[in-house]
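Observations on chain architecture
Here is how the chains run, residue by residue.
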Amino acid sequence: MPTSPSPRRGVKASRPASPPPLSPRSLWPRLLLIGVAAVVAVVVCVLPASLVTRLLPPAVRADDFSGSVWHGSAGRITALGRPAGAIEWNIHPLALLRRHLVVDLHWVKGGFVLDGSADLTRTHIGASKILGGGPLADLSDLGIGAGWRGTASVRVAELTADLSGARPALSSAIGDVAVADVSAAQIASGANLGGYDLNFNDPVSASGDDMSATLTDTGGPLQVNAVIHLSTKTGSAIFSGTVKERPDTPAELRRQLDDLAQLHARDAQGRLPVDLEFTF
């Protein structure tokens with residue numbers, strides 16, 4: 001019957017060496033470091049949300065805070081002296097090592113809601129994956145779409161802006177804003193003007209000031225093809241393009257376009273050239 005081999009005589013079986021026991025002198029510094037780290041983590045996690053005011057650009061003011069500096073909210077935001085809704089945030093702590101504030105945001109103003117991410121300093125903001133939308137009327141006191149009605153849908157992949165001046169200056173944008181059921185009291189007595197898509201595809205503004213976007217209709221009484229040139233530093237824009245009625249255009253809107261045709265002759269396809277300058 002076979003037997004298992006036994007160790008050779010005179011040779012002891014080797015065993016792994018045991019680590020030397022920790023002495024009190026080497027153990028206490030480690031415990032102290034762990035304790036300090038735990039206390040710092042707890043203190044940082046409960047820092048009040050109001051501390052984010054030190055990171056905001058001069059044109060933005062926040063009040064009515066709740067939560068912590070890492071995950072908190074401000075129930076009242078003011079931008080350039082105008083009410084700008086409420087905001088909730090989640091900060092990415094590791095980005096603070098680069099002296100940047102990287103944060104996930106949820107912004108609400110009335111029925112208008114946006115979600116996205118931002119990389120923020122006191123002089124610059126880079127935002128991405130901005131999605132949401134809501135009624136245009138809820139943005140009127142921000143100076144956006146004042147006097148207009150309709151519903152907007154926002155899909156912006158990337159946006160950057162300079163915050164160092166008296167007002168934010170947009171420097172790049174990629175994405176689009178679609179609006180539906182648009183109307184304005186001063187146009188055809190508030191008749192429904194249909195839907196439109198404003199598309200930005202400007203990764204870097206050539207001059208750091210002027211930007212452009214294309215505007216096309218998505219259905220409704222007007223066929224529109226235009227380019228909008230924006231000057232973000234002066235807050236002005238120039239609309240250049242063509243407009244043409246469709247068969248279902250309301251009679252009052254037709255009359256307004258005919259009046260405009262007295263100044264600008266229609267082209268061979270019956271399109272009316274339009275050049276308008278406005279502020280935003």
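Everything that follows concerns the structure shown earlier in this document.
Quantities reported herein were computed from a predicted structural model and do not represent experimental measurements.

Inspection of every chain in the model, using the stated rule, returns two aromatic pairs. Taking 6.4 Å as the distance between ring centres and 75° as the angle between the ring planes, the aromatic pair formed by Phe65 and Trp89 counts as edge-to-face. Of this pair, Phe65 sits in strand E1 (residues 60-67) while Trp89 sits in strand E4 (residues 86-91), and the two are 24 residues apart along the sequence.

Across a regular strand the side chains alternate sides, sitting on one face of the sheet and then on the other. With seven bridges joining them, E1 and strand E2 (residues 71-79) adopt antiparallel strand pairing. Of the residues in E2, the one forming a bridge with Gly67 is Gly72. Linking E1 back to E2 in an antiparallel pair, the connection comprises three residues.

Our focus in this paragraph is the nonpolar core. In this structure, Ile91, Phe112, Tyr196, Leu215, Leu222, Val224 and Phe239 are the most contacted members of the largest nonpolar core, which totals 50 residues. With five residues, strand E12 (residues 222-231) is the largest single contributor of residues to this core.

Right, let's get into the pattern of salt bridges. The final tally for this structure, using the stated rule, is seven salt bridges. Taking the shortest distance from any N to any O, the salt bridge between Arg155 and Asp176 comes out at 2.6 Å. Taken together, the positions of Arg155 in strand E8 (residues 148-162) and Asp176 in strand E9 (residues 169-184) put the pair 21 residues apart, joining distant regions of the chain. Under the relative-accessibility criterion, Arg155 is labelled partly exposed at 39%.

The topology assignment puts Gly190 in the loop between E9 and strand E10 (196-202). Residue contacts for Gly190: discarding those within four places in its chain leaves Ser183, Ala184 and Ala185.

Taken together, the buried positions of helix H2 (residues 251-261) are occupied by Leu253, Leu257 and Ala261. Projection of H2 onto a plane perpendicular to its axis shows the buried side chains occupying an angular sector of 85°, all on one side. Exposed residues lying more than 90 degrees from the buried face of H2 are Arg255 and Asp259. Looking at the buried residues of H2, the elements they touch are E12, strand E13 (236-245) and strand E14 (272-279).

A word on unusual backbone geometry. With phi around 50°, Lys129 is a residue other than glycine that occupies positive phi space. With respect to the helices and strands, the residue Lys129 is situated in strand E7 (residues 124-135). If you check the backbone angles, Asp181 has positive phi at about 55° while not being a glycine.

Criteria and cut-off values
- Residues numbered from 1 in each chain as written.
- Predicted model: local features only at pLDDT ≥ 70, side-chain atom pairs only at ≥ 80, totals over all residues.
- Heavy atoms only, no water.
- Phe/Tyr/Trp six-rings, centres within 6.5 Å; stacked < 30°, edge-to-face > 60°.
- Helix = DSSP H or I, 4+ residues; strand = E, 2+ residues; numbered from the N terminus.
- Pairing = 2+ DSSP bridges.
- Core = buried A, V, L, I, M, F, W, Y, C linked by side-chain atoms within 4.5 Å.
- Buried < 20%, exposed > 50% of the residue type's maximum accessible area, 1.4 Å probe, protein only.
- Salt bridge = Lys/Arg side-chain N within 4 Å of Asp/Glu carboxyl O.
- Contact = heavy atoms within 4.5 Å.
- Arc of directions from axis to C-beta.

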